[in-house]
Amino acid sequence: MAEKTLIQGVREALMEEMERDERVWILGEDVGRKGGVFLATEGLYDRFGEARVLDTPLAESSIVGVAIGAAMNGTIPVAEIQFADFIHPAFDQIVSEAARIRYRSNGDFGCPIVIRAPFGGGVHGGLYHSQSVEAFYAHVPGLKVVIPSTPEDTKGLLKSAVRDPDPVLFFEHKKTYRLIKGEIPEGEYLTPIGKAAVRRQGERLSVFAWGLMVHYCLQAAEELERDGISVEVVDVRTIKPLDKETILRSVEKTARALVVYEDNLTGGFGAEISAIIAEEAFEHLDAPVVRVAAPDIPAMPFNKPQEDFFLPGPERIAAAMRKLAAY
Amino acid sequence: MATAKETRHAGLGLDPERLLAMYRQMVLARAVDRRMWVLNRQGKAPFVISGQGHEAVQVAAANAMIPGKDWLVPYYRDLAFCLALGMSARDFLLSVYGRAEDPNSGGRQMPSHFGSSRLRIITKSSVVGTQIAHAAGLAYAAKLRGLDEVAVTCIGEGGTSQGDWHEGLNWAGIHRLPFLCIVQDNDYAISVPHRLQMGVDSVAKRAEGYGVVGVSVDGGDLLACYDALKAAVERARAGDGATLVAAKVARFTSHSSDDDQRRYRPQAELEALLRRDPIERFRGYLLDEGVMAEEDDDRIQQECTADVDEAVTYAEAAASPVAEDALRNVYAEG
């Protein structure tokens, strides 16, 4: 099989799901003729037409709000928020509405929507094109939050998201779009939502990450391997529902846990993983749970030194791994 | 008996049977509404929010729609609307008591947060304005699927200040959606008067800015409302685009059971409200036109009271939800 980019995984999933099920349609800013600012929806407008690949007004709240209404009338909308940084105007629609429709109607209504958004930094996106927003939504029961890190998973998880009966937020790390290449299985290929993937087996310590950080952790793990330190890398893949079983099993094996995330340290989703490990695997631990994350400053600056300062990179991660391995 | 001058209702294609049905719907809504305030004072209903004074425009709208086919995305004052679309007094009282059987939410939501997939009444949150985008989405989906359904949504004049109201109307205009937004303008958003909410006397004036038809109507005049709303629904169904209707109505009660409008509305204004009772006005019309006799009215009033009595008895005896069932229906089950 030929190597493909992660964004091809997005495109193939959407193309196949729209071919398979005429209820599926796409809405968002610039998703039509232009094919999206990252070209995630390239070719779909020509194939399916304007009504199913709809350019929306520049108004995120109604992109999600309209998707919610359309989902309650027999369609499956896949909404694109152009950058996760601009999802905030839709917070109310996502949290007060999409997440609670099934619950507040006691199961009478459902809300089968997918909200895709590129997130994350390292591309000189500055404060407003770099944010990690998964923790806000991971906090909200009723939502599912998925973050793929490989082209294969991107296709498999996005197809699963489209078929999920509940609202799924699907965050794609924009730096991985073209940086990360891999094989993508042809045709029907589904990756279950709610399962983590062990990307690298190891013995000395376990690392948990998602999105771009998975790749940086793998790089760091390779470096430690040269020094004879064996690191297990777990790609969390689904923030919500979280695959606690895989996480705890890994900690039981290695007795050391490092959680790496790109969001601010305080209240980032890695804090929840750390709490779960501390609470449920305490007797297996030989060292404190350690977190590597962005500093608690408002957002990622545009200039290179400060961007690098913000974003956890392979070196910082490797240093944390060494320290933890030596504890 | 034919008369020389055509009556208003005949001109609208409404026969006496339909008129009496509409009158009964208003009377029932008022009876249910009044009873829930009694239950509140008795300590049996922790929270009440009311639609008294709004009945005419709501009943007119329900009768302009095709129940079970068209969609209502309601707001919390739409009791008469929901009853007219087929919700029973019992269904509603179950929500007032927060019972497990409550078809709106299984007792999860406060009362007047209507919802029924069977009746095509979309579940509502307490958030003001979000529903307008949902109605646009329902209408867009109908168009996408080639169905001639109409999405109707309601909101108060206060809600029109929300961004989602603007965004929803914009969508309706762009795609000429089968969409109808009814603004029930009762002059107050809790205590904030109309003059501090917007710079126009009728929010329908904004319609042109969205590319939709704007209509201002006396929301206390059932036949005038029916005329405007029937035209709006037909326009929507024919694919001729969306309508924004601003209906002036009277809010008889305080905002909710946790509010006292005597604190911010002058006494004279509150007294004047009573002369704007939409049910009294329609009753007068029916008696004047000979559609209804006093005995008919008495019978309708008694029937509605009996309906409410039965609903209260049933709801009071109905079971509360099981505590642990709070964990259910977070995600799809089975």
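Attention here is on the structure that accompanies the text.

Rules behind the numbers
- Residues numbered from 1 in each chain as written.
- Chains lettered and ligands numbered in written order.
- Predicted model: local features only at pLDDT ≥ 70, side-chain atom pairs only at ≥ 80, totals over all residues.
- Contact = placed C-beta atoms within 7 Å.
- Helix = DSSP H or I, 4+ residues; strand = E, 2+ residues; numbered from the N terminus.
- Nonpolar A, V, L, I, M, F, W, Y, C, P; charged D, E, K, R; others polar.
- Core = buried A, V, L, I, M, F, W, Y, C linked by C-beta atoms within 7 Å.
- Buried ≥ 20, exposed ≤ 12 C-beta atoms within 10 Å, placed from the backbone.
- Domains from an automatic or database assignment.
- Right-handed = clockwise from strand over helix to strand, strands pointing away.
- Pairing = 2+ DSSP bridges.
- Axes fitted to C-alpha atoms, helices over the stretch in contact; angles between N-to-C directions.

Description of the interface of chain B and chain A
Frequently, the measure chosen for interface size is the accessible area removed from exposure when the parts meet. With 35 residues of chain B at the contact, the number on the chain A side is 35 residues. Listed by contribution, the elements that provide at least two residues to the side of chain B that touches chain A are helix 6 (130-144) and helix 7 (163-174) of chain B. Looking at the side of chain B that touches chain A, the element that brings in the most residues is helix 6 of chain B, giving 11 residues. Here the residues of the side of chain B that touches chain A sort into 15 nonpolar, 15 polar and 5 charged.

Description of the nonpolar core
Within soluble globular proteins, side chains that are nonpolar generally end up buried alongside one another. Within the largest apolar cluster, 202 residues are counted, with the highest numbers of intra-cluster contacts made by Val207(A), Cys217(A), Ala136(B), Phe179(B), Leu180(B) and Val245(B). Residues lining this core come from more than one domain, with at least three contributed by each of domain 1 (3-183) and domain 2 (197-325) of chain A.

Digging into the pairing of strand 3 (residues 179-185) of chain B
Looking along a regular strand, one sees the side chains alternate between the two faces of the sheet. Residue and element names in this part refer to chain B. Among the 7 residues that make up strand 3, 7 are buried, leaving the element largely enclosed by the rest of the structure. Going residue by residue along strand 3, you find Phe179, Cys181, Val183 and Asp185 tucked away on one face and Leu180, Ile182 and Gln184 tucked away on the opposite face as well. After leaving strand 2 (residues 151-156), the chain enters helix 7 and then returns to the sheet as strand 3, a path that is right-handed. By the bridge criterion, 6 bridges tie strand 3 to strand 7 (residues 243-248) in an arrangement that is parallel. Along strand 7, the bridge assignment pairs Leu180 with Thr243.

Digging into the sheet that holds strand 10 (residues 205-209) of chain A
All names here are of chain A. The mixed open sheet is built from 5 strands, whose spatial order is 9-11-10-13-14. At either margin of the open sheet sits one strand with a lone partner, and together these are strand 9 (197-200) and strand 14 (290-294). Across the sheet, the axes of successive neighbouring strands diverge by a mean angle of 25 degrees, strand direction being ignored. Alignment of strand 10 against strand 11 (residues 231-235), held across 5 bridges, turns out to be parallel. Among the inter-strand pairings, Leu205 is bridged to a residue of strand 11, identified as Val231. The sheet strands contacting helix 9 (residues 212-226) are strand 9, strand 10, strand 11 and strand 13 (257-264), and the helix crosses strand 11 at an angle near 170 degrees. This element, helix 13 (residues 314-325), spans strand 10, strand 11, strand 13 and strand 14 of the sheet and lies at about 165 degrees to strand 14.

Geometric values such as these leave the question of function open.
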